[in-house]
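One-letter residues, chain by chain:
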Amino acid sequence: MAFSGHTELPVAERAAFIYTKGRQKPGLKCEADSIAGCVSQRACVYCGARVVLNPITDAVHLVHGPIGCASYTWDIRGALSSGPELYRNSFSTDLKERDVIFGGEKKLARAIDQLVEKYRPPLVFVYATCIVGVIGDDLEAVCRVAARKHGIEVIPVQSSGFAGNKAAGYRAACAALWRLIEPAGGMPEKKSLSVNYLGDFNLAGEVWIVGSYLKQLGLELNVAFTGDATYRSLKNAAAASLNIVQCAGSMHYLAEKMQESCGIPYLNVSFLGLEDTADSLRRIARFFGDHRIEQRAEELIARETAAVAGVIQSCRKKLAGKRAAVYVGGGFKAISLIKQFRELGIDVVVVGTQTGRRQEYAVLSELVDNGTVILDDANPAELEKFMLEKGAHLLVGGVKERPLAYKLGLAFVDHNHDRKHPLSGFIGAANFAREVCSTVCSPVWRYVHTPVPGARAGGAVWAAAL
Amino acid sequence: MLEQEAADYRAVNENPCHMCMPLGAILPFKGVERAMVLIHGSQGCSTYMRRHLAEHFHEPIDVASSALNEQGTIYGGEASLKKGLDNLVKLYQPGVIGILTTCLAETIGEDTARVAADYLREKRPPGLHLITVSTPGYGGTHSEGYFLALRRIVVSLTGRSEKHPAINIIAPHLSPADLREIKRILELWQVDYILLPDFSETLDGPLARPYKKIPPGGTRVRDIARMGGARATIQLGLTVDDAISPGCYLAEECGVPLYKLPVPTGLANTDLFMELLGQLTGRPLPASLARERGRLLDCMIDAHKHNAQGRAVIFGEPEIVYAVTSFCLENGIEPVVVATGSNDHRLPGLLKNRLEETGASPCFLREADFQRIREKSREREANIAIGHSDGRYLTEKEGIPLVRHGFPIHDRVGGQRLLSVGYAGSIMFLDRITNTLLESKHQNYRLRLYQAFYRPAGPDSRQEEG
């Protein structure tokens, strides 16, 4: 199949974003704007900022804009809380035509007043949407006045949708977080065995799983950004002695900032899959230069690996030789997924991300076999084309991609925000294996290939030809 | 006169009960043959709406974006829009493209009608219709967006037409299953009809090979062109403002007699629909429908005592809320809170007679959010909620069980298959409601009666068994 030049792509401009390993000179266009009309799967700046900050449980998250932005993100993340539930509300200034004409600052100020009076939060985030950037409401000024009036922190998040893509929203969120955690009166005293965990949003309790691993190593989880975080816990962030970063796409910027300003070094880690989880625990243990911690890490890895070995083995037997396509938000997740599929005997034949970075694509390209298609900012037409050409049996993606996979008769695994089972750590690897098995080995596919009853010989071909 | 409480006093919307205009405007286009939608604005809008719609319909929802960035926002988005159209044509070869605006495009003053006209003049794409709809996110809710898009489709595609005996049916935002039921009823009456929109197949498609990027089905453009010559229009929409009513346009511009009817959910509303079909065709009610009517009555009798204990909070789009409220009234369920996120002010007047007959006096809320709906539901002791999935908040916070109905149903499968129109659909809908009341009563009656009547000897006399 000759698509090395991608000459048959309907939109030629997309060719630069697609690369087949071993058939082309390495190189892939990424970190660029989406092309108009191409049905990109990407979200906006506001979305990036909202998903990162929203898990902070005791904050008021107020969206300054028309209703849609708040409506589509109400309780969107399955981030769990061990305490407050305020973050599960969606507050909006619900701007109307009148507000757009005369400016929304007064309404915003009243909205903050009403919310603070009613809920007494320690912290308010105010998110800018497209419209706020255009009509020029002075978010900084309104937030400053409100903060002084109520004696709490009111932090503007500069997340106008059109000013870049989701990755720009991650940076806006990091900027807002930094305003919160920057120590006001000099650096606090460092706690020696204390770790911050960045880039985990506690979907289905994943922060708690990783926290318990750290505890078993003899380390303290100081604060996680932002899963199950509170105003108080975030204020202590600068006291940790190490930052570990899971979702590098969203948190790399903040990790760098904390290294530079607070002197906290960071490690990129991943708790997706057995290999990455074990490797991450070892590197964390090694960082502290204490052989007792390393010893405990080895014991933990041995114990937990043994506990899930049976599940992984039995799934592996059923899945050997299957081929997967991956289309996820960030590069780190894609890299871990390729390794995780390998643990299950599955080859990844198509891999793409919405916001992967250059370095991440380089790693991806190293990892995959010759012939694998790598693509940035893919659209449904491309996913369809490459999944069929490469003979994928399943797709990993988000909600928008699921119906496409099913319509093509392919299995599907959700790796999205609202799942209700953890995919992190050893237990997560077992859950993942079970989920892959449940979809790839489902009896439903047998019927997809069964001829339609009563159809004449010719009429049955469509189903058999799949 | 029944009063409706508006939300003018409020600076903040707490947990929205409505969505934005462009989301509503996508749907009618999904019910037109070979149509696609391009949203002129930043990338996130189309992504969010696709996600929201995909989760309800479980179907691929391909919607393009002009992906306006900062530059386009400052210097104008004409180039992005034209490029978007070019690429969308290349990828999908649509026959119709609906061009919707967003908050952003409206505020920077994009003239999409002019750009679309220029595009057609410059490129002369054979057989392509461009239909622009002005849908600022702050201009109304998704309900208004839906009808405005329908009207723009009719205005753009309906030309001079010979008189013919077909009847136009304008459908509000119903489920694909409901649209199929309306078609079945019309076929039983042997009525020649043009149903607009018709997403009964496109948003609930069977598994078929080969996969088609634009699913087959939808109202044919040449049928829409003939709507001006139809014998009559039946608009299933009482709450629609004349300015955005497709039926009013056809009456005023083409002289097609207009009959406005409610959604045929419930005995009385379905009777109205059948009466009119009888009048227009001069034929009696088909025997199979007469039997279905009898079965509905039988079902209403079986369930009436259970239903008499229902105190309902009803919320959603005004047209659906009207139908559900009258449905509750005819079944002896008392509506205690009737709420819509839209600015509709017609509901109390439209329901006045039916309410007076039964003596019910619900609290009406417009521009409602779920915080207000919750307060009122508690105050009025609602024991059942009927509306879309976001009402699960009422279940979680107040223990009020929810019968899922309308849009979005994003926490259950089968939103696209929920049937509630016609006699047959009403039976299924009523069973869902009655069974929810029965279930709720069973769960609570032991404890309730114990607390009410048992006089314990001591504080801990009641021990849990087992």
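Preceding block: the structure.
Residues numbered from 1 in each chain as written. Chains lettered and ligands numbered in written order. Predicted model: local features only at pLDDT ≥ 70, side-chain atom pairs only at ≥ 80, totals over all residues. Heavy atoms only, no water.

Q: So what exactly am I meant to see when it comes to the overall build of chain B here?
A: Of regular secondary structure, chain B possesses 17 helices and 15 strands. Here the C-alpha atoms of chain B give a radius of gyration of 24 Å, agreeing with the 23 Å that 2.2 N^0.38 yields for 466 residues. Over its C-alpha atoms, taken along the principal directions, chain B stretches across nearly 90 × 60 × 50 Å. Residue burial in chain B is summarised as follows: out of 466 residues, 62% are buried. In chain B, of all internal contacts separated by at least 6 residues, the share reaching a separation of at least 24 is 76%. Roughly 18,000 Å² of accessible area belongs to chain B as shown, and the carbon and sulfur atoms make up 49% of that amount. Side chains of chain B carry 53 positive and 56 negative charges; the gap between the two charge centres is 4 Å. (Helix = DSSP H or I, 4+ residues; strand = E, 2+ residues; numbered from the N terminus. Rg over C-alpha atoms; globule rule 2.2 N^0.38 Å. Buried < 20%, exposed > 50% of the residue type's maximum accessible area, 1.4 Å probe, protein only. Contact = heavy atoms within 4.5 Å. Areas by Shrake-Rupley, 256 points an atom, 1.4 Å probe, with all protein chains shown as cover. Lys, Arg positive; Asp, Glu negative; His and termini not counted. Charge placed at Lys NZ, Arg CZ, Asp CG, Glu CD.)

Q: Quick question: what am I supposed to make of the pairing of strand β10 (residues 323-328) of chain A here?
A: Residues and elements named next belong to chain A. Within β10, five of the six residues are buried, which leaves the element mostly enclosed by the surrounding structure. As judged from the six bridges shared by β10 and strand β11 (residues 347-353), these two strands associate in the parallel manner. Paired with Y327 across the two strands is G352, which belongs to β11. Pairing between β10 and strand β13 (residues 394-397): three bridges, direction parallel. Its bridge partner being in β13, A325 is matched across the sheet by L395. (Pairing = 2+ DSSP bridges.)

Q: Help me understand the interface of chain B and chain A in this model?
A: How large an interface is tends to be reported as the accessible area lost when its parts come together. Facing the 65 residues of chain B at the interface are 70 residues of chain A. Taking both partners together, chain B and chain A bury about 5,800 Å²; carbon and sulfur atoms supply 61% of that area. Counting the surface chain B buries against chain A, the share from its top three residues, Y48(B), Y138(B) and R209(B), is 14%. Viewed at the interface, chain A and chain B are joined by six salt bridges. Between K83(B) and E13(A) there is a salt bridge, with its nearest N and O atoms 3.1 Å apart. Counting every contact that joins chain B to chain A gives 24 residue pairs in polar contact (both at pLDDT 80 or more). Mapped onto the side of chain B that touches chain A, the elements with two or more residues apiece are β2 (13-14), α2 (43-57), β4 (64-65), α3 (70-75), α4 (78-92), α5 (103-107), α15 (370-379) and α16 (392-398) of chain B. (Buried area = accessible area lost by both parts, 1.4 Å probe. Salt bridge = Lys/Arg side-chain N within 4 Å of Asp/Glu carboxyl O. Polar contact = N/O pair within 3.5 Å; in protein donor to acceptor, adjacent residues only side chain to side chain.)

Q: Would you mind showing me how to read the sheet that holds strand β6 (residues 194-200) of chain A here?
A: Sheet strands line up and pair through hydrogen bonds in the backbone, either parallel or antiparallel. Residue and element names in this part refer to chain A. Within the open sheet, the four strands sit side by side as β7-β6-β8-β9. Their pairing is parallel. With one partner strand each, in any of the chains shown, β7 (220-226) and β9 (266-268) form the two edges of the open sheet. Along the sheet, successive strands turn relative to each other by an average axial angle of 20 degrees, direction set aside. Note: β6 against strand β8 (residues 242-245), four bridges, orientation parallel. Bridged to N196 within β8 is N243. Strands in contact with helix α10 (residues 248-262) are β6, β7, β8 and β9; relative to β6, the strand with the most contacts, it is inclined by about 145 degrees. (Axes fitted to C-alpha atoms, helices over the stretch in contact; angles between N-to-C directions.)

Q: How should I be thinking about the packing of helix α13 (residues 331-343) of chain A against helix α14 (residues 358-367) of chain A in this particular structure?
A: A pair of packed helices is characterised by two quantities: the angle between their axes and the separation of those axes. Residues and elements named next belong to chain A. The interhelical angle for the contact between α13 and α14, taken along N-to-C directions, is 15 degrees, at an axis separation of 9 Å. Here α14 runs roughly parallel to α13, going by the angle between their axes. Of the two elements, α13 crosses α14, and the hand of that crossing is left-handed. The segment α13 lies against α14, with G331, F332, A334, I335, I338, K339 and R342 engaging E360, V363, L364 and L367. Of the residues that constitute the contact of α13 with α14, the class distribution is seven nonpolar, one polar and three charged. (Parallel < 35°, antiparallel > 145°, perpendicular 65-115°, else oblique. Left-handed = near helix turned anticlockwise from the far one by under 90°. Nonpolar A, V, L, I, M, F, W, Y, C, P; charged D, E, K, R; others polar.)

Q: What's the story with helix α1 (residues 21-30) of chain B in this structure? I'm lost.
A: Given 3.6 residues per turn, any residue in an α-helix points the same way as the ones three and four places further on. Residue and element names in this part refer to chain B. With ten of ten residues buried, α1 is to be regarded as a mostly interior element. Those residues of α1 that sit buried are M21, P22, L23, G24, A25, I26, L27, P28, F29 and K30. Taken together, the buried residues of α1 touch β3 (35-40), α2, β5 (96-101), β6 (129-133) and α7 (142-157).

Q: Got a minute to help me understand helix α14 (residues 347-358) of chain B in this structure?
A: Residue and element names in this part refer to chain B. The end-to-end C-alpha distance of α14, which contains twelve residues, comes to 16 Å, matching closely the 16 Å that a straight helix rising 1.5 Å per residue would cover. Looking only at α14, the buried set comprises L347, P348, L351, R354 and L355. Across the axial projection of α14, the buried residues extend over an arc of 130 degrees, all falling on one side. Opposite the packed face of α14, turned more than 90 degrees from it, sit the exposed residues N353, E356 and E357. Looking at the buried side of α14, the elements it contacts are β1 (4-5), α11 (267-281), α13 (318-330), β12 (334-339) and β13 (363-365). (Expected span 1.5 Å × (residues − 1). Arc of directions from axis to C-beta.)

Q: Teacher, can you tell me more about the pairing of strand β7 (residues 167-170) of chain B here?
A: Residue and element names in this part refer to chain B. Here β7 shows a buried face lined by I167 and I169 and a second buried face lined by N168 and I170. Summarising the sheet, β7 and strand β8 (residues 193-196) pair through four bridges and their orientation is parallel. Within the sheet, the bridge partner assigned to I170 lies in β8 and is L196. Crossover β7 to β8 through helix α8 (residues 176-188) is right-handed. In terms of strand pairing, β7 meets strand β9 (residues 232-236) through four bridges, oriented parallel. Following the sheet pairing, I169 is matched in β9 by I234. (Right-handed = clockwise from strand over helix to strand, strands pointing away.)

Q: Would you explain the sheet that holds β3(B) in this entry?
A: Residues and elements named next belong to chain B. Read from one edge of the open sheet, four strands run β4-β3-β5-β6, paired in parallel fashion. On the outer flanks of this sheet lie β4 and β6, each paired with one strand and no other. Sheet topology note: the β3/β4 ladder contains two bridges and is parallel. Bridging across to β4, I39 finds its partner in S65. The strands touched by α4 within the sheet are β3, β4, β5 and β6, with β3 carrying the most contacts at an inclination of about 155 degrees. Lying on the sheet, helix α6 (residues 112-123) is in contact with β3, β5 and β6; it crosses β6 at an angle near 170 degrees.

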